[in-house]
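Coordinate inspection notes
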Amino acid sequence: MMAPSARRAVLLLRGLVRRDGCVAALGQRCVSIEAAQAPPPRPEAPRTALTSPVQHTAEQHGLWYTLRPSVVQQLFQYGIPKQYMTQCRTFAETCLMVRQPALTLMDYIRRSDLSLPPNKFLLYGRNGCGKTLSLIHTTHFLADAGWLLIHLPWAPRWRRNFKEVTPSSTIEGQYNHPLDAVMWLQHFKTQNADLLKSLQLVTQERYTWSRREITEPDAPLGELVDVGISRARYSTDCVLALTSELKRHATEGRCKVAVVVDGINTFYSPVSRYRCEDKTMLDPKFFTLFQAFKQLFRSDWKNGVVVGSVDALANEGQRRESHLPRYLLRKQGWEALDPFVPIPVEDYNDLEMRSAIDYYLDRHWLQNPQAGSDIGRRELAALSAHNPYLLMHVCRPL
């Protein structure tokens, strides 16, 4: 009869028993407790290799695409939300999810008839649902498609977070934003540097800034921009002149102009944070910069589009109860922008929610691998209510 020690050695060789003494049934292997509780494999982020939004279609819905550092430097020195930009620096890459509102908006722009007055498209939705990022995706599309951009990253800044406001020396009763206008002209020049060279647009009017400083007709449009950048005193008037010139060039077919404004409803708010001498709040309609942009919202030109977002945070604090365009734009804005195409931006659907969680796992932002399990995904979805901003807030570091 075989000794117990010898019999155990044979069973070990045949794989029928483990070294810790756990006996397995004949023909079956003993599964360890550790293997049964092993975390699910860490998923990879669903990405697309198509880095140009011009190529994005419904097939890329829910996938992440990467913005090259040169694109971010040129187009989005301003405009990307600060918290999202911090997250992008942490991840060492700038990625956007391809979502349905942006796909719809880009498709509408492709099918627009540029021989008619500009089509107007307005994104709307609840706070944190992704209006600004959809607008960024569309702005990248417009730049790649050869549109000249008039991009205002966050319009409420000029109404309540301005750097300086001074009475206009050229238009009685108007007020200027010298420093903010300089920053915007620099932003415009950076975004459109290549197009300004290739299109060779020139001024069509004579602009007198002082006795010695004059911009003659047929001067390159870049000279008008440079005057505003180098002389803050004239910067606001340069913005007004620039928008008028571009509007005329577009109508005459020399370029395609895309006006992109985040928080467009702030242009129709009745109060600003600037106090006049009598301590009353100034109506923003007296801001020269507001006049420069509001003329672009009219339907008296062609070869362009107006793309904007309607955001409750762009209104004053006591008028944020609803996210719907009619409420936020008021009667004045509703009539000024009519007709426009409203495009809703909803919270994440199941596909987008799974994609966002997979991206956080891929970037090791979610350290616990159980977040990729069905239970973990359901918990994150419940905690964030499928809202993109709340999901980013739930996943932030402590």
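Everything numeric in this text was worked out from a predicted model, so none of it was measured.

Counting its regular elements, the chain contains 16 helices and eleven strands. With 398 residues in all, the chain has 48% of them scored as buried. Across the chain, the fraction of contacts at a sequence separation of at least 24, relative to all contacts at a separation of at least 6, is 71%. Accessible surface for the chain amounts to roughly 20200 Å². Of this, 53% is attributable to carbon and sulfur atoms.

The next thing to look at is unusual backbone geometry. A cis geometry characterises the amide bond from Asp338 onward to Pro339, with omega recorded as 0°. As for its placement among the helices and strands, Pro339 is situated in the loop between α13 (325–337) and β11 (341–344). The backbone phi angle of Arg330 is positive, close to 65°, even though this residue is not glycine. Overall, Arg330 belongs to the buried group, its relative accessible area being 15%. Residues other than glycine seldom take positive phi values, yet Ala385 does so here, at roughly 55°. Inspection of the secondary structure puts Ala385 in the loop between α15 (374–384) and α16 (388–394).

Attention shifts here to the packing of helix α10 (residues 221–230) against helix α11 (residues 235–251). Where α10 meets α11, the closest approach of the two axes is 8 Å, and the angle between their N-to-C directions is 160°. When the axis of α10 is compared with that of α11, the two are roughly antiparallel. Crossing of α10 over α11 shows left-handed handedness. Contact with α10, carried on its side by Leu221, Leu224, Val225, Val227 and Gly228, involves Ser235, Cys238, Ala241, Leu242, Glu245 and Leu246 of α11 and no other residues of that element. Looking at the contact of α10 with α11, its residues break down into eight nonpolar, two polar and one charged.

Another aspect to go through is the confidence of the model for the chain. Confidence in the prediction of the chain, expressed as mean pLDDT, is 89, and 89% of residues score 70 or more. Per-residue pLDDT stays below 50 along residues 9–36; that stretch engages in 22 contacts with residues further than four places along the chain or on separate chains.

Inspection of every chain in the model, using the stated rule, returns 16 salt bridges. Arg363 is the partner of Glu93 in a salt bridge, and the nearest nitrogen-oxygen pair spans 3.6 Å. Placement of Glu93 in the loop between α4 (82–91) and β2 (94–97) and of Arg363 in the loop between α14 (350–362) and α15 is noted, with a sequence separation of 270 residues between them. Accessibility expressed as a relative area gives 16% for Glu93, which makes it buried. You can call Arg363 partly exposed: its relative accessible area is 30%. Its salt-bridge partner being Arg111, residue Asp107 comes within 3.0 Å of it at the nearest N-O pair. By relative accessible area, which is 30% here, Asp107 ends up partly exposed. Arg111 sits in the exposed class, given a relative accessible area of 60%. Overlapping salt bridges, with partners in common, bring together Arg47, Glu93, Asp362 and Arg363 in one network.

Take the sheet that holds strand β10 (residues 304–310) next. Strands sit in the order β4-β9-β10-β3-β11 across an open sheet of five strands; the sheet is parallel. What marks the edges here is a single partner per strand, and that holds for β4 (148–152) and β11. Mean inter-strand twist for the sheet, computed between neighbouring axes without regard to direction, equals 15°. Here helix α6 (residues 131–144) sits on the sheet in contact with β3 (119–124), β4, β9 (257–262) and β10, set at roughly 165° to β9.

With respect to the secondary-structure elements, Arg159 resides in helix α7 (residues 157–160). No salt bridge is formed by the buried Arg159; its nearest oppositely charged neighbour, Glu316, is found at 4.4 Å. A distance of 3.4 Å separates the side chain of Arg159 from the side chain of Ser269, its partner in a polar contact. Among all residues touching Arg159, those that are not within four sequence positions of it are Thr266, Ser269, Val271, Ser272, Arg273, Pro284, Phe287, Phe290, Ala314, Asn315 and Glu316.

Moving on: the state of the cysteines. In this structure the tally under the stated criterion is zero disulfides. The closest cysteine sulfur to the non-disulfide-bonded Cys95 is located on Cys88, 7.4 Å from its own sulfur. Here Cys95 falls in the buried class, since its relative accessible area comes to 1%.

Quick look at the packing of aromatic side chains now. This structure, assessed with the given rule, holds 18 aromatic pairs. Judged by centre distance (5.6 Å) and plane angle (75°), the ring pair of Phe91 and Tyr359 falls under edge-to-face. Pair noted here: Phe91 is in helix α4 and Tyr359 is in helix α14, with a separation of 268 residues, a long-range link. Geometrically, the ring pair formed by Trp184 and Phe188 is stacked, given 5.5 Å between the ring centres and 25° between the ring planes.

It is worth spelling out α4 at this point. Inspection of α4 places Tyr84, Met85, Gln87, Cys88 and Phe91 among the buried residues, and these make up the whole buried set. The buried residues of α4 all sit within an arc of 160° when viewed along its axis, so they share a single face. For α4, exposure combined with an orientation more than 90 degrees from the buried face picks out Lys82 and Arg89. At its buried positions, α4 is contacted by β1 (64–67), α3 (69–75), β2, α6, α14 and α16.

Cut-offs used in this document
Residues numbered from 1 in each chain as written. Predicted model: local features only at pLDDT ≥ 70, side-chain atom pairs only at ≥ 80, totals over all residues. Heavy atoms only, no water. Helix = DSSP H or I, 4+ residues; strand = E, 2+ residues; numbered from the N terminus. Buried < 20%, exposed > 50% of the residue type's maximum accessible area, 1.4 Å probe, protein only. Contact = heavy atoms within 4.5 Å. Areas by Shrake-Rupley, 256 points an atom, 1.4 Å probe, with all protein chains shown as cover. Axes fitted to C-alpha atoms, helices over the stretch in contact; angles between N-to-C directions. Parallel < 35°, antiparallel > 145°, perpendicular 65-115°, else oblique. Left-handed = near helix turned anticlockwise from the far one by under 90°. Nonpolar A, V, L, I, M, F, W, Y, C, P; charged D, E, K, R; others polar. pLDDT = per-residue confidence, 0-100. Salt bridge = Lys/Arg side-chain N within 4 Å of Asp/Glu carboxyl O. Pairing = 2+ DSSP bridges. Lys, Arg positive; Asp, Glu negative; His and termini not counted. Polar contact = N/O pair within 3.5 Å; in protein donor to acceptor, adjacent residues only side chain to side chain. Disulfide = S-S within 2.5 Å. Phe/Tyr/Trp six-rings, centres within 6.5 Å; stacked < 30°, edge-to-face > 60°. Arc of directions from axis to C-beta.

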